[in-house]
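# Structural features, examined
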Amino acid sequence: MQPGPGGGAAAGNARHPMKRRVPLSEPSLGDPHQLFHDTSSAHGPGSYVAHRVPGGLGYSSPLQPGFLDDPMSNMAVAYGSSLAAHGKELVDKNIDRFIPVTKLKYYFAVDTVYVGKKLGLLVFPYLHQDWEVQYQQDMPVAPRFDINAPDLYIPAMAFITYILVAGLALGTQDRFSPDLLGLQASSALAWLTVEVLAILLSLYLVTVNTDLTTIDLLAFSGYKMIGGVVTGLLFGKTGYYVVLSWCCVAIFVFMIRTLRLKILSEVAAEGVLVRGARNQLRMYLTMAIAAAQPLFMYWLTFHLVR
Amino acid sequence: MAFTLYSLLQAALLCVNAIAVLHEERFLKNIGWGTDQGIGGFGEEPGIKSQLMNLIRSVRTVMRVDQYFQKLKAHSFKI
């Protein structure tokens, strides 16, 4: 019932940006089963339910007229639906143990304005001045209200688009077969995992006291897929290399400016040259993380251009 | 570019196995990475070397407890 209008919440948010500004800290307390923050208007769920009911009845009756008249089958339907409800309760109770759902909800709290601005920032980060993430009572502000906050919506969409664009590029070169899509997806996912694990390991070794979570790192690693999508769309060698070099430099600058505030100490982040082994090491780490992004972008797309 | 998630899992398994079979006395002490040589200073800066030694020691301790890991390794290389 709920996931349907939840999908339209991202589009619905653009229509009601002013109403959602006040309740910042507790996005959804009402329904614990709800996975998405539904901000679409009231007639959204109603129309979804109205679509569902005639569809349900219309499916069973053409098969056998009087299918649901038998009291035994009535009991069977009731039993089946109670089993399903019990299973749903069990999943809802236990899902917080494996996937931190409330933390994930923060990363998907985006709207179209944020997405547009963030995409522009990823491709052209040179004019943006203030890269600080705003905080509100010790919690970072949702991405809807702060363009510097990381989100998972753009990386997820970019990843899926990258797979589709890779399939398209392979198709124009007559090298396409359906299992190649799955292969592309899993190898890109594997490289992302390797990168996130390597960054986590190096952050642990350098003992950086940072508030970068694993999901943050996943988001930052996913941002380079945007460059992968844009370069994959170009067919032709020279166009590909031009766009690739532009995207590489852009993502390098973006990562340096974003990570500088998170990894380096506050004094060093403001541009003052602080000499010390620790700060130097942290600077090298930031540079290494930022330099790995263009490398991966090249690695993930060069086989698409022949 | 057939780098699948399964090969990633295999690589991780091999790395953990490599750490688990490092022999303490013959190898780590010779290059100064033994477990009794690292817990020197409780100062502010652990440094990369002591962090790495701690990591290796904790991986080895976990693997010592987990004998199931040995069976998993044996099964995975039959494929």
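Residues numbered from 1 in each chain as written. Chains lettered and ligands numbered in written order. Predicted model: local features only at pLDDT ≥ 70, side-chain atom pairs only at ≥ 80, totals over all residues. Heavy atoms only, no water.

## Focus on the overall build of chain A
Threshold: We count a stretch as a helix when DSSP gives it H or I for four or more residues in a row; a strand needs E for two or more, and each element gets its number in order from the N terminus. Pairs of residues are marked as contacts when any of their non-hydrogen atoms sit within 4.5 Å. For accessible areas, the Shrake-Rupley method is used with a probe of radius 1.4 Å. Any residue's cover is judged against the shown protein chains and nothing else.
When its secondary structure is counted, chain A shows 13 helices and two strands. Expressed as a percentage of contacts within chain A between residues at least 6 apart in sequence, the contacts between residues at least 24 apart total 76%. Carbon and sulfur atoms make up 68% of the accessible area of chain A, which amounts to about 17,700 Å² in all.

## Considerations on the overall build of chain B
The line we're drawing: Using a 1.4 Å probe on the protein chains alone, a residue whose accessible area is under 20% of its type maximum counts as buried, one over 50% counts as exposed, and one in between counts as partly exposed.
Counting secondary structure elements, chain B contains four helices and zero strands. Beginning at the N terminus, the succession of helices and strands in chain B can be written as α-α-α-α. Taking all 79 residues of chain B together, 19% fall into the buried category. Counted over contacts in chain B with a minimum sequence separation of 6, partners at least 24 positions apart contribute 56%. Just so you have it, chain B exposes about 5,800 Å², and 64% of that area is on carbon and sulfur atoms.

## Quick look at the packing of aromatic side chains
Residue and element names in this part refer to chain A. Selection criterion: By convention, a stacked pair of Phe, Tyr or Trp rings (six-membered ring in the case of Trp) has centres within 6.5 Å and planes under 30 degrees apart, an edge-to-face pair has planes over 60 apart, and any other such pair is tilted.
On inspection of all chains with the given rule, the structure shows nine aromatic pairs over all chains. Their ring planes at 80° and their centres at 4.9 Å tell us that tyrosine 106 and tyrosine 107 sit as a pair that is edge-to-face. Both residues of the pair, tyrosine 106 and tyrosine 107, count as buried. Relative to tryptophan 246, the ring of phenylalanine 124 has its centre 6.1 Å away and its plane inclined at 20°; by these criteria the two rings are stacked. Of the two residues, phenylalanine 124 sits in the loop between α6 (112-123) and β1 (135-136) while tryptophan 246 sits in helix α11 (residues 237-263), which places them 122 residues apart along the sequence. Look at tryptophan 246 and you get partly exposed, because its relative accessible area is 41%. Each member of the aromatic cluster is reached from another via a ring pair, and the members are Phe124, Tyr126 and Trp246.

## Details of the nonpolar core
Applicable threshold: Side-chain atoms within 4.5 Å link the members of a nonpolar core, which is a set of buried Ala, Val, Leu, Ile, Met, Phe, Trp, Tyr and Cys residues.
In terms of nonpolar packing, the biggest core is built from 49 residues, with A:Tyr162, A:Leu203, A:Tyr223 and A:Met255 touching the most fellow members. Within the residue set of this core, elements represented by two or more residues are α6, α7 (153-172), α8 (178-205), α9 (214-222), α10 (224-232), α11 and α13 (277-301) of chain A.

## Comments concerning the confidence of the model for chain A
All names here are of chain A. Note the cut-off: pLDDT measures the predictor's confidence residue by residue and takes values from 0 up to 100.
The share of residues in chain A with pLDDT of 70 or more is 72%, and the mean pLDDT across the chain is 74. Counted against residues more than four places away or in other chains, residues 1-30, with its pLDDT under 50, gives 31 contacts. Note on residues 42-62: pLDDT under 50 across the span, and six contacts to partners over four residues away in sequence or across chains.

## Structural notes on a nonpolar patch on the surface
What counts, and what does not: Candidate patch residues must exceed 30% relative accessible area and have no salt bridge, after which like charges are joined if within 9 Å and Val, Leu, Ile, Met, Phe, Trp or Tyr side chains if within 5 Å. Here, a salt bridge means any Lys or Arg side-chain nitrogen found within 4 Å of an Asp or Glu carboxyl oxygen.
Taken together, the side chains of A:Val123, A:Phe124, A:Leu127 and A:Trp246 make up a nonpolar region of the molecular surface, amounting to roughly 390 Å² of accessible area. What makes A:Leu127 exposed here is its relative accessible area of 63%.

## Notes on the interface of chain B and chain A
Size of an interface, as often reported, equals the accessible area lost when the parts are brought together. Formally: The buried area of a pairing is the accessible area, by a 1.4 Å probe, that goes missing from both parts when the two are put together, added over both. Nitrogen and oxygen atoms within 3.5 Å of one another constitute a polar contact, given that in protein one can donate a hydrogen and the other can accept it, and given that sequence-neighbouring residues count only through two side-chain atoms.
Taken residue by residue, the interface counts 13 residues in chain B and 16 residues in chain A. For the pair chain B and chain A, the summed buried area comes to about 1,400 Å², and 77% of that belongs to carbon and sulfur atoms. At the boundary of chain B and chain A, one finds zero salt bridges. At the junction of chain B and chain A, the tally comes to zero residue pairs in polar contact (both at pLDDT 80 or more). Where the side of chain B that touches chain A is concerned, the elements lending two or more residues are α1 (5-20) and α3 (47-65) of chain B. Sort the elements by how many residues they give to the side of chain B that touches chain A and α3(B) lands first, with six residues.

## A closer look at the state of the cysteines
Applied cut-off: Any two cysteine sulfur atoms within 2.5 Å of one another count as a disulfide.
Counted according to the given criterion, the structure contains zero disulfides over all chains. With no disulfide of its own, A:Cys247 has A:Cys248 as its nearest cysteine by sulfur position, at a separation of 7.2 Å.

## Let's talk about the confidence of the model for chain B
Summarising the model, chain B shows a mean pLDDT of 70, and 57% of its residues fall at 70 or more. For chain B, helix α2 (residues 24-28) of chain B is the element with the lowest average pLDDT, namely 66, and α1(B) is the one with the highest, namely 81.

## Topic: α7(A)
All names here are of chain A. Rule in force here: Given the number of residues in a helix, its expected span is that number minus one, multiplied by 1.5 Å.
Taking 1.5 Å as the rise per residue, α7 with 20 residues should run 28 Å; its terminal C-alpha atoms sit 29 Å apart, in good agreement. Every buried residue of α7 is accounted for by Ile154, Pro155, Ala158, Phe159, Tyr162, Ile163, Val165, Ala166, Gly167, Ala169 and Leu170. Among the residues trailing α7, aspartate 174 stands out with phi positive, at a value near 60°.

## Some remarks on the environment of B:Val59
Position of B:Val59 among the secondary structure elements: in helix α3. The spatial distance from the C-alpha of B:Val59 to the C-alpha of B:Ala20 is 7.1 Å, given a sequence separation of 39 residues.

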